[in-house]
Amino acid sequence: MAPVGVSIRVGDDHVRTSSQLSSSLGRYYRTYVSDCVEEMNVQVVIDNGILQLTLSNPEGLITGVRYNGVDNLLEVLNKEGNRGYWDVVWSEPQGSGTFDVIQGTHFEIIHEDENQVEVSFTRNWDPSLQGKLVPLNIDKRFIMLRGCSGFYTYAIYEHREGWPDFDLAETRVAFKLRKDKFRYMAIADNRQRFMPMPDDRMPNRSQQLAYPEAVLLTNPVNPDIKGEVDDKYQYSCDNKDIKVHGWISFDPPIGFWQITPSDEFRSGGPIKQNLTSHVGPTTLAVFFSAHYSGEDLVPKFRNGEYWKKVFGPVFIYLNSTMDGTDRQLLWDDAKLQTLTQVESWPYEFPVSEDFQKCDQRGSVTGRLLVRDKFIDEKDIIGDAAFVGLALSGEAGSWQRECKGYQFWTRADDKGNFIITNVRTGDYNFYAWVPGFIGDYRLDMTMTITSGSQINLGDLVYEPPRDGPTLWEIGIPDRSAAEFFIPDPKPIYINKLYINHPDRFRQYGLWERYADLYPGNDLVYSVGVSDFRKDWFFAHVTRKTGENSYEATTWQIKFRVDSVHQTGAYKLRVALASATLSELQVRFNDAMVNPPHFTTRLIGRDNSIARHGIHGLYWLFNIDVQSAWLIQGDNTIYLMQTKSSSPFQGIMYDYIRMEGPPRQ
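For clarity, every value in this text was computed on a predicted model and none was experimentally measured.

**Let's talk about the nonpolar core**
Counting 103 residues, the largest nonpolar core has Tyr-157, Leu-168, Leu-368, Phe-417 and Phe-429 as its most contacted members. At 8 residues, strand S25 (residues 307-320) tops the list of elements feeding residues into this core. Excluding residues within four positions of it along the chain, Leu-168 makes contact with Val-88, Val-89, Trp-90, Val-134, Leu-136, Phe-288, Val-298, Pro-299, Phe-301 and Trp-307. Listed in part, the 58 residues of the second largest apolar core include Leu-509, Phe-531, Val-560 and Tyr-569.

Below, the structure written as structure tokens:
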């Protein structure tokens, strides 16, 4: 018996790029095309005349994308289940993680007319599946519009009340493209390159380095990249910067782009880092993960709590050009299309009622000021402040929040802000201001209703401050990028990052500390040293032998002309990252035990190994007894005590010593 299936055709307009589309989101409603529907039981095919999307039925795996004369842009050498898919990594409490490619069990056409098709692939959970599948109802959706050179996908996850406890470490959409065509990757204007082939990472062509993701290319197919390092973590980005990334084929000239128009469904806030595209060729849309954060950003569902969340839609955009040598044209067009998608958010066309449209959402406006009398007697404009809404919590809790939605923007040069298109619900207002330490939280819960416009007026953030600055090291911006970042060892080069603003993405920089400080540790003299040259970007261990490391102790030397015996001193230590570390602080006595202060064991963000310049933010406010100080020369000893791995360490954001308040 011949298979019975579904073939959905929505149009035949062969527009290629957004410049030719004249804004595809506006034009598809005005372009008439016919459609036809037939049913099969093997595949779902959606076709609008520009591209054809093939999905397995009922699993909802993306098995084919036909475009511009190429039968399939996805890797045809892979099995159909390893071309394009939604996945999760989950575990039972205290259990090991399970990687699960989400395969639906039921297919349904949700909406079909001459302008739009939306289809659904669902997988529902029941108690017979306990321990086998993640306890979620999952509804994967795919949308194609008339005249639109791409397709959308989103998903709705639901954990019903009373269902088993579990942890959800990661969820994303992945695309594996054809390696014989897609060789050039672009994730930013200044982060583009011809990439290694996946074969180059095989043992006969590479040497594994400190962990499996990092390899040294010893015999690559392209000899021009011999001796370079490849590591997917070198291409991570902050959430706020992951708008468009993807791959370019030159024969024929085609771009395959993943566009994320909103961060509202991502966890961890605007500076949480995630993977983008990497060797495969692979393109990812990561919604949440433990990368650069650790267990703090793994949602843990306990006591049968109810939870529901919409991830996406994200847009897969395809473009082409007649000039096969002009990759810039494809990249520029992808950026223009990204602007179109961002301006169209929230989309009006998704059918699910769980995805709120513009008229169902609200907005919040206001102005943020900073009050620090030791800098200025007048309130300071919160220029470029990060302001946002997230689930209720403590100040700064947004960076560890991973179950709800978050909405962020930047204040303008007058401190004004507007947070638009906020989903209905209860939120706290949070902010942090580059140039100042700490976090702001408005001490109220605000309820967003459909159409609400909440004006908060002038808000004043008073950052932690007890007294005048005696000295400071670094810039309070939640990053270690301003400190000294060494050149990599010549054998560990990624040519993309030579003389690049993101030079911290080079592999093996942690090893350079021992090269620069083979016996004695870093000593920083206030008033003499320059943190841009003399403060190593990461406080790491020192290698002493094969798989042997030792703790390191840095010193800060400074003068106190007169110690106020009854005055209160304060040391502010802001960290940009911590990985299984303990920072002990001592004043003028390197051996005093217990130390004057300890963070105890903190952090799992692993940003040192993953070439991040920041992970989670920590702020420690240390009361300094006047008896610990002496008139004249003083020394603070900063000891990172944990030393079983080269990746244990911290990155400092900013350190400030405050004197007693003015009398």
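**Quick look at the environment of Asp-426**
Locating Asp-426 in the fold gives a position in strand S31 (residues 425-432). For the pair Asp-426 and Ala-390, spaced 36 residues apart in sequence, the C-alpha to C-alpha distance is 8.4 Å. With sequence-adjacent residues up to four places away left out, Asp-426 is seen in contact with Leu-391, Thr-445, Met-446 and Thr-447. At 2.7 Å, the side chain of Asp-426 forms a polar contact with the side chain of Thr-447.

**Considering the side chain of Asn-494**
Position of Asn-494 relative to the elements: it lies in the loop between strand S35 (469-474) and helix H4 (512-516). Here Leu-496 takes part through its backbone nitrogen, which lies 3.0 Å from a polar atom of the side chain of Asn-494. With residues up to four places along the chain from it excluded, the contact list for Asn-494 reads Arg-193, Glu-228, Val-229, Gln-234, Tyr-235 and Gln-506.

**Let's talk about the packing of aromatic side chains**
Counting across every chain of the model gives 54 aromatic pairs. Between the aromatic rings of Phe-151 and Phe-175, the centroid separation amounts to 6.3 Å while the plane-to-plane angle is 65 degrees, which identifies the pairing as edge-to-face. Within this pair, whereas Phe-151 is found in strand S11 (residues 150-159), its partner Phe-175 is found in strand S12 (residues 166-176), the two being separated by 24 residues in sequence. Sitting over the ring of Trp-618, Arg-400 keeps its end group 4.8 Å from the ring centre.

**Some details on the state of the cysteines**
With the rule as written, the count across this model stands at 0 disulfides. Residue Cys-148 stays outside any disulfide, its sulfur separated by 19 Å from that of Cys-358, the closest cysteine.

**Regarding the sheet that holds strand S42 (residues 583-587)**
Taking strand neighbours across the sheet as the criterion, the 5 strands line up as S36-S40-S46-S42-S43 in an open arrangement whose pairing is mixed. Two strands bound the open sheet, and with one partner strand each, they are strand S36 (523-525) and strand S43 (597-598). With 5 bridges connecting them, S42 and strand S46 (residues 632-640) associate as antiparallel partners. By the bridge assignment, Phe-587 is partnered in S46 with Ile-636.

**Points about the UniProt feature "domain: Rhamnogalacturonan lyase" (unreviewed entry) in the protein chain**
The positions UniProt marks with the feature "domain: Rhamnogalacturonan lyase" (unreviewed entry) are residues 384-456 and 469-657. A distance of 18 Å separates the end C-alpha atoms of residues 384-456, which is 0% helix and 45% strand. Secondary structure content for residues 469-657 is 5% helix and 40% strand, and the end C-alpha separation is 6 Å.

**A few points about the sheet that holds strand S17 (residues 229-230)**
With antiparallel pairing, the 3 strands of this open sheet are ordered in space as S15-S16-S17. Sheet topology places strand S15 (206-208) and S17 at the edges, where each strand pairs with a single neighbour. Two elements, S15 and strand S16 (residues 215-217), share 3 bridges in a ladder whose sense is antiparallel. The residue of S16 that forms the bridge with Gln-207 is Leu-216.

**What to know about the pattern of salt bridges**
With the rule as written, the count across this model stands at 44 salt bridges. In this structure, Asp-263 and Lys-243 form a salt bridge, with 3.8 Å as the shortest nitrogen-oxygen distance. Of this pair, Asp-263 sits in the loop between strand S20 (253-259) and strand S21 (273-274) while Lys-243 sits in the loop between strand S18 (237-238) and strand S19 (244-250), and the two are 20 residues apart along the sequence. In this structure, the salt-bridge partner of Arg-361 is Glu-264, at a minimum N-O distance of 2.7 Å. With a gap of 97 residues between them, Arg-361 in the loop between helix H3 (327-343) and strand S26 (362-370) and Glu-264 in the loop between S20 and S21 connect regions that are remote in the sequence. In this pair, the class of Arg-361 matches that of Glu-264, namely buried. The structure contains a network of salt bridges with shared partners spanning Asp-466, Lys-570, Arg-572, Asp-623, Arg-656 and Glu-658.

**A few points about unusual backbone geometry**
That bond from Asn-57 to Pro-58 is cis: its omega, 10 degrees, falls within 30 degrees of zero. Looking at the secondary structure, you find Pro-58 in the loop between strand S4 (51-56) and strand S5 (62-67). Located in the positive-phi region is Asn-303, a residue other than glycine, with phi close to 60 degrees. Overall, the relative accessible area of 77% leaves Asn-303 in the exposed class.

**Observations concerning the environment of Asp-383**
Relative to the helices and strands, Asp-383 is located in the loop between strand S27 (380-381) and strand S28 (386-390). With a relative accessible area of 41%, Asp-383 lands in the partly exposed category. Along the chain, Asp-383 and Pro-196 lie 187 residues apart, while their C-alpha atoms are 42 Å from each other. Setting aside residues up to four positions removed in sequence, Asp-383 forms contacts with Asp-412, Asp-413 and Val-433.

**Structural notes on the environment of Asp-521**
Structurally, Asp-521 is set in the loop between H4 and S36. The buried category is assigned to Asp-521, whose relative accessible area is 18%. For the pair Asp-521 and Thr-552, spaced 31 residues apart in sequence, the C-alpha separation works out to 6.5 Å. Apart from the residues lying within four places of it in its own chain, the contact partners of Asp-521 are Tyr-513, Arg-542, Thr-552, Thr-553 and Trp-554. Within polar-contact distance, the side chain of Asp-521 engages the side chain of Tyr-513 at 2.8 Å. There is a polar contact of 2.8 Å between the side chain of Asp-521 and the backbone nitrogen of Thr-553.

**Structural notes on H3**
Over its 17 residues, H3 extends 25 Å from the first C-alpha to the last, a length consistent with the 24 Å expected when each residue adds 1.5 Å. The distance from a side-chain oxygen at the start of H3 to the backbone nitrogen of Gln-328 is 3.3 Å, and the residue carrying that oxygen is Asp-326.

**What about the pairing of S25?**
By the criterion of burial, S25 is predominantly enclosed, with 13 of the 14 residues buried. Here S11 pairs with S25 via 9 bridges, running antiparallel. The partner of Phe-151 across the bridge, within S25, is Ile-316. Here S20 runs beside S25; their pairing, made up of 6 bridges, is antiparallel. From the neighbouring strand, Phe-256 faces S25, where its bridge partner is Leu-318.

Conventions used here
- Residues numbered from 1 in each chain as written.
- Predicted model: local features only at pLDDT ≥ 70, side-chain atom pairs only at ≥ 80, totals over all residues.
- Heavy atoms only, no water.
- Core = buried A, V, L, I, M, F, W, Y, C linked by side-chain atoms within 4.5 Å.
- Buried < 20%, exposed > 50% of the residue type's maximum accessible area, 1.4 Å probe, protein only.
- Helix = DSSP H or I, 4+ residues; strand = E, 2+ residues; numbered from the N terminus.
- Contact = heavy atoms within 4.5 Å.
- Polar contact = N/O pair within 3.5 Å; in protein donor to acceptor, adjacent residues only side chain to side chain.
- Phe/Tyr/Trp six-rings, centres within 6.5 Å; stacked < 30°, edge-to-face > 60°.
- Lys NZ or Arg CZ within 6 Å of the ring centre and 35° of its normal.
- Disulfide = S-S within 2.5 Å.
- Pairing = 2+ DSSP bridges.
- UniProt positions renumbered as here; feature names shortened; annotations may be inferred.
- Salt bridge = Lys/Arg side-chain N within 4 Å of Asp/Glu carboxyl O.
- Expected span 1.5 Å × (residues − 1).

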